[in-house]
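So you can see what is in the structure, the chains are spelled out below.
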Amino acid sequence: MVHKALVAGANGIIGKALLEELSEASEWEGRGLSRSHGDIRADLTDALQTRRALEAAADTTHLFYAAYGSGGGLAEEDTRNAAMLRNLLDRLNHVGAPLKRVVLYQGAKVYGVHLGPVSTPFYEDENPRPIGPNFYFTQERELQARHDAGGPEWTILRPDVVVGDAAGNAMNIATVIGAYAAICAADQAAFRFPGSYTTYDRCLAQVTDAHALARASLWAATANTAAGQAFNYVHAPFRWRRIWERLAQHFGLEVGEPIPFSLVKHMPALAPVWEQISGNLVQPDFAMAVRWEFGDFVFGTEADVVSDMTKIRLAGYSADADPLDALIRAIERQQKQGVLPRIGP
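For clarity, every value in this text was computed on a predicted model and none was experimentally measured.

Our next topic: the packing of aromatic side chains. We describe a pair of aromatic rings using the distance from one ring centre to the other and the angle between the two ring planes. In the structure shown here, the tally under the stated rule is 22 aromatic pairs. Feature note: the residues Tyr180, Phe191, Phe193, Tyr200, Phe238, Trp240, Trp244, Phe261 and Phe299 constitute an aromatic cluster, connected by ring pairs. It is Lys311 that lies over the ring of Phe231; its NZ or CZ is 5.3 Å from the centre.

Here it is as structure tokens:
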């Protein structure tokens, strides 16, 4: 039996990796949905357009929902993203899609990290929910209500700081690091961590490799033990010093002690350096190529961020990835694809 997968958010960091993994899996057929590219093009905030576009997805058995509508405050974000999921599910139901399960993705915001420091580790079923608005909770309630009414099963995966190679993604730390490293090399500057000593030396951080997440998603879409459950999916926690020094070693960079500064405020002054090394990149416009604000967020986190992985392992999934290797591979894939310049001479 071949499963018919629809990947919403096909151009994103999760969606791109999902479609690549689906193409390699003999028991799956995948199609992508996004606003501007993919097999199906639809703006999920537009209910009418979504109705017209989803005729081509009438055979969908599994939905991987990685779409995200950004902008506005928390309340606007909640309203927009809840409507997007609802519009898509309504249309799949209308065309008679034999939908068996929805795999939904949530981030650490579900544990309240956007509100302030949160005690760790994060446990899926023990952390009391923080105050809203929070679109993760709204989407989860939507899925549960539909299942209670006879609709599809659902599974939730909770990665954190997803590392991949999707071009132009606003929340790809590999792009930030790769661009910063290339500029440091071209400017003959040391590869210094742009955050505090606390973040660099003391705090534990975590990432999720996009392709490892995609493989976990295929398990989450079919395993009986995954139905109706939320699972953290991250790799072993680390301190940034270890990762930073090994990245420098791999790419032949001189490493220095941290200098805490704002990438958003400082990096635009280095646009002339970028122009010298950007060559034939997919996106040579420096202002569009890298979203430095995400780097400021990640490198400015002065608290441990650790998600417990016991639940998913006990449910039967134990495949993992090395965070350092994930970052190196993501940077090198982006270099090969013309998203990032080469580092060094």
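We now examine a nonpolar patch on the surface. A grouping of Leu74, Leu115 and Ile131 is seen on the molecular surface, where their side chains present a nonpolar patch of about 300 Å² in accessible area. The topology assignment puts Ile131 in the loop between strand E5 (101–105) and helix H4 (135–148). Given the relative accessible area of 67%, Ile131 is considered exposed.

So, about unusual backbone geometry. A cis amide bond, omega 5°, links Thr120 with the succeeding residue Pro121. In this structure, Pro121 sits in the loop between E5 and H4. A cis amide bond links Gly132 to the next residue, Pro133, at an omega of 0°. Take Pro133: it is sitting in the loop between E5 and H4. Look at Val161: it is not a glycine, yet its phi comes out positive at around 50°.

What counts as what
Residues numbered from 1 in each chain as written. Predicted model: local features only at pLDDT ≥ 70, side-chain atom pairs only at ≥ 80, totals over all residues. Heavy atoms only, no water. Phe/Tyr/Trp six-rings, centres within 6.5 Å; stacked < 30°, edge-to-face > 60°. Lys NZ or Arg CZ within 6 Å of the ring centre and 35° of its normal. Patch = residues over 30% accessible without salt bridge, like charges linked within 9 Å, V, L, I, M, F, W, Y side chains within 5 Å. Areas by Shrake-Rupley, 256 points an atom, 1.4 Å probe, with all protein chains shown as cover. Salt bridge = Lys/Arg side-chain N within 4 Å of Asp/Glu carboxyl O. Helix = DSSP H or I, 4+ residues; strand = E, 2+ residues; numbered from the N terminus. Buried < 20%, exposed > 50% of the residue type's maximum accessible area, 1.4 Å probe, protein only.

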